[in-house]
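So the chains spell out like this:
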Amino acid sequence: MNSKLREKLQLWKKRYEKDKGEYQTHLDRMDRREELYRGSRDIKTTKGGMAKDGATHVRNLVQEIIETQVDANIPQPKVTAVRERDEPLAKIIEDMIRNELDRLPMEQLMDISERTCPIQGGDGFLAEWDITEGTHTSIGEIKLTELHPKKIIPQHGVYTVEDMEWYFIDTEKTKGYVKRRYGVDLEDETEEEPEIRTTGSDGAAEGLVTVHMAMYRNKKGGIGRYVWCADTELEDLEDAQARRLQICMRCGAVGDGVKCRECKGTAFREEVQEFETLTEDVEKSNGEIIPAESPELDEYGLPVMDAAETIAPMETGDVLNQLPGGINGVGVVSGPVKMAPTKIPYYKPNRFPLIVRKNVSLYGEFLGASDVDAIEDQQNAMNKLSTKINRKVLGGGSVLTLPADMKLEVGDQDLMIARVSGPDKISQIQVKNLQVDINTDLAFRSAVYEEARQIIGITDSMQGRKDPTATSAVAKQFSAQQAAGRLESKKAMKRVLFQDLFQLIFQLKLAYADEPRPVVSYNDRGEREYRQFNRWDFLEFDDAGQPYWNDRFLFSCDASAPLASDREKLWQENRMNLQQGAYGPPTDLHSLVLFWEVMEKEHYPMASIVKKQLQEQLERQTNAMTNAAAGMQLDPMMANGESGGMPVDMAQGGETV
């Protein structure tokens, strides 16, 4: 490694060590939170230390409250177009994001996040474009990774990701992965610093190394990436989001950098390109054509002529501007326009790929407030009380008193023989119960439990318990709404996470999905439609003919998503709508067909069969009514001696008199 590369490596290592040192107190605190969630037996003393003997019995209050708040629902996207003409594009974006949520392992990622976020106060999601993924006809897919907050080292003094100049991500990788991903062999590399691990790890695993990745803003405001391991540089990209094409060394085709789809070659070279040169006309979904050739423009943005003739300078700019190509008093008056291949700039997201989810916002903190920190004292008191009660109950027992001269062996037999010398000896055989009263301890422990629940905002209704304060259905609903209101901040932070994620998914698709991607959606009639997400649909030209990418869309979460995910509730709502006449008269065939179309859309079992039978019945009924109406019109005319409104003799070929 030359001196310049060594200097850059030392610069980033110095920044990393400084920021990690400032953040170390938060990292240490994360270990304690994880221990409490797992049921730590430690007991804090009044002096702040730890008791020598831990708790003998633990009621895991922390885990109970965290698990109560787990919400498995995944918010669904809602995309709004800023301009009216972009509404069809907003709809295709919305459907594309829904398809991506189905493809990605969102259930698994959210199951981890729903626990990590309240425990640690937040966690992170890393959204990247993985060029090694894809299909036979497409290159690359979006990759989403949930990051434990211990793997994220923020820039000191900055508390929002987008406001940072840099941040660091630590991940544990095998040496084989590093060699495949970065082409660097680390077999002889050793680390001087301990690896970053989540709580519960028991030392460094064999073959694993800690890879440090720094994401930063470059001089132009773009996103750069620097990756290293110990004293070895792995990657240095000044503009990490620039379009990098993997060109096959054998046939020149664009590939994924692993194996060429054309010639099966495995050798590739990387090319960085700012513009894409069109080799053929591109057709948008609406039929518009982007030509492969366009007029070549000069430095002033004016067309260049092949054989230009100029005239004398003009005195006024107004007259000059009317001449094509006029500039500085000189106007071009003749000559054909020079054509050149159309160049389209590649789209860049120009935003960090890391999205941080906060539990509850806390001023001056990179992460939010932790629920474990809020109820740590209550958990400590619960450990003390549970241990005390356990000691009292198990330490007590029964004592048998006997005369001094009597020997009696107590066993598990039903009948024992005691030989006494007189009646006075019998009264000396007694059993004394030494159980201690624990009612006060139990009452105090219940009070501590209620205190912890009230701090977080957990009610009996949320835990599925009987709520004695709510005696009617309306009261129970109000109680549930009040409890949900206290936790609304956490729900809002979850929606913020997904809003940013939806926008980043769209930007990654717009930047790197060269091929049109299939999208499955449903129309207003509940019928499945197959369309395509084509990035060229978002390319537009301004008044000067300059191309730009249209990414002006508003992203939010669909408020009806929780109801849409509860199919049984939707079925019940649809039945109620049918009974109340929302679809028309409940017994009318048209109403029933519409009802079963909706039920089919909501995936009700056998709904398609019932709908088809009703449609056939409706068709037969309609045909019968049509034939009956035609017969009623014909009979009166025949009875009056008419045929089609003409005299009978005319209908029979006679002449009209």
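Check the entry above for the structure.
Here's a quick rundown of the structure. (Residues numbered from 1 in each chain as written. Predicted model: local features only at pLDDT ≥ 70, side-chain atom pairs only at ≥ 80, totals over all residues. Heavy atoms only, no water.)

Scanning the model with the defined rule gives 47 salt bridges in all. Where salt bridges share partners, they join R29, R32, R33, E35, D42, K44, D373 and E376 into one cluster. (Salt bridge = Lys/Arg side-chain N within 4 Å of Asp/Glu carboxyl O.)

All right, on to unusual backbone geometry then. Although it is not a glycine, N350 sits at a positive phi angle of roughly 55 degrees. Mapped onto the elements, N350 comes out in the loop between strand 19 (343-345) and strand 20 (354-358). Residue classification places N350 among the partly exposed positions, given a relative accessible area of 37%. Within the chain, M606 stands out as a residue other than glycine whose phi angle is a positive 65 degrees. Turning to its location among the elements, M606 is positioned in the loop between helix 15 (589-601) and helix 16 (607-639). On the basis of relative accessibility, which here comes to 54%, the residue M606 falls in the exposed class. (Helix = DSSP H or I, 4+ residues; strand = E, 2+ residues; numbered from the N terminus. Buried < 20%, exposed > 50% of the residue type's maximum accessible area, 1.4 Å probe, protein only.)

Taken in spatial order, the 3 strands line up as 10-9-11 in an open sheet, and their pairing is antiparallel. With partners counted over all chains shown, the strands left at the sheet margins are strand 10 (254-255) and strand 11 (268-273), one partner each. With 2 bridges connecting them, strand 9 (residues 243-248) and strand 10 associate as antiparallel partners. Bridge pairing in strand 10 links Q246 to G255. (Pairing = 2+ DSSP bridges.)

Now for the packing of helix 4 (residues 106-120) against helix 12 (residues 488-512). Relative to each other, helix 4 and helix 12 sit at 140 degrees, their axes nearing to 13 Å. Judged by the twist between their axes, the crossing of helix 4 over helix 12 is right-handed. Across from M106, M110 and E114 in helix 4, the residues of helix 12 making contact are K494, F498 and L501. (Axes fitted to C-alpha atoms, helices over the stretch in contact; angles between N-to-C directions. Left-handed = near helix turned anticlockwise from the far one by under 90°. Contact = heavy atoms within 4.5 Å.)

Locating D281 in the fold gives a position in the loop between strand 12 (275-277) and strand 13 (282-283). Its relative accessible area of 49% is what places D281 among the partly exposed residues. Counting along the chain gives 10 residues from D281 to P291, while the straight-line C-alpha distance between them is 4.6 Å. Among residues more than four places away in sequence, those in contact with D281 are I289, I290, P291 and A292. Looking at D281, its side chain comes within polar contact range of the main-chain nitrogen of A292, at 2.7 Å. (Polar contact = N/O pair within 3.5 Å; in protein donor to acceptor, adjacent residues only side chain to side chain.)

All right, on to the packing of aromatic side chains then. Counted according to the given criterion, the structure contains 22 aromatic pairs. Geometrically, the ring pair formed by F533 and F538 is tilted, given 5.4 Å between the ring centres and 40 degrees between the ring planes. Neither F533 nor F538 differs from the other in exposure class; each is buried. Ring geometry for W536 against W549: centres 5.8 Å apart, planes inclined by 40 degrees, an arrangement best described as tilted. Of this pair, W536 sits in the loop between strand 24 (528-533) and strand 25 (539-541) while W549 is found in strand 26 (residues 547-549), placing the two residues 13 residues apart along the sequence. Side by side, W536 and W549 carry an identical accessibility label, which is buried. Cluster of aromatic residues (ring-pair linked, three or more members): W12, Y16, W166, F168, Y216, Y226 and W228. Its end group placed over the ring of W166, R15 keeps NZ or CZ at 4.3 Å from the ring centre. (Phe/Tyr/Trp six-rings, centres within 6.5 Å; stacked < 30°, edge-to-face > 60°. Lys NZ or Arg CZ within 6 Å of the ring centre and 35° of its normal.)

By secondary structure assignment, the location of K494 is in helix 12. We classify K494 as buried; its relative accessible area is 6%. Discounting residues that sit within four places of it in the chain, K494 has contacts with D71, N73, P75, M110, E114 and R357.

Further remarks concern the sheet that holds strand 3 (residues 138-147). Strand order in the open sheet formed by 3 strands is 3-2-20, with antiparallel pairing between adjacent strands. The outermost strands of the open sheet, each flanked by one partner alone, are strand 3 and strand 20. Strand after strand, the sheet turns through a mean of 25 degrees between neighbouring axes, direction not considered. With 9 bridges joining them, strand 2 (residues 122-135) and strand 3 adopt antiparallel strand pairing. Each bridged residue has a counterpart across the sheet, and for F125 the counterpart in strand 3 is E146.

Of all 10 residues in strand 6 (residues 208-217), 8 are buried, a share of seventy percent or more. Where strand 5 (residues 166-174) lies against strand 6, 9 bridges are found, and the strand directions are antiparallel. Among the inter-strand pairings, K173 is bridged to a residue of strand 6, identified as V209. The pairing of strand 6 with strand 7 (residues 223-229) spans 6 bridges and is classified as antiparallel. Its bridge partner being in strand 7, M213 is matched across the sheet by V227.

In the contact formed by helix 8 (residues 376-395) and helix 10 (residues 439-456), the axes pass within 10 Å of each other and the chain directions differ by 160 degrees. Considered as vectors, helix 8 and helix 10 are oriented roughly antiparallel to each other. Once helix 8 is placed against helix 10, the crossing between them reads as left-handed. Contacts between helix 8 and helix 10 involve Q378, A381, M382, L385, S386, K388, I389 and K392 on the former and, on the latter, D441, L442, F444, R445, V448, Y449, E451, A452 and I455. Tallied by class, residues from the contact of helix 8 with helix 10 come to 10 nonpolar, 2 polar and 5 charged. (Parallel < 35°, antiparallel > 145°, perpendicular 65-115°, else oblique. Nonpolar A, V, L, I, M, F, W, Y, C, P; charged D, E, K, R; others polar.)

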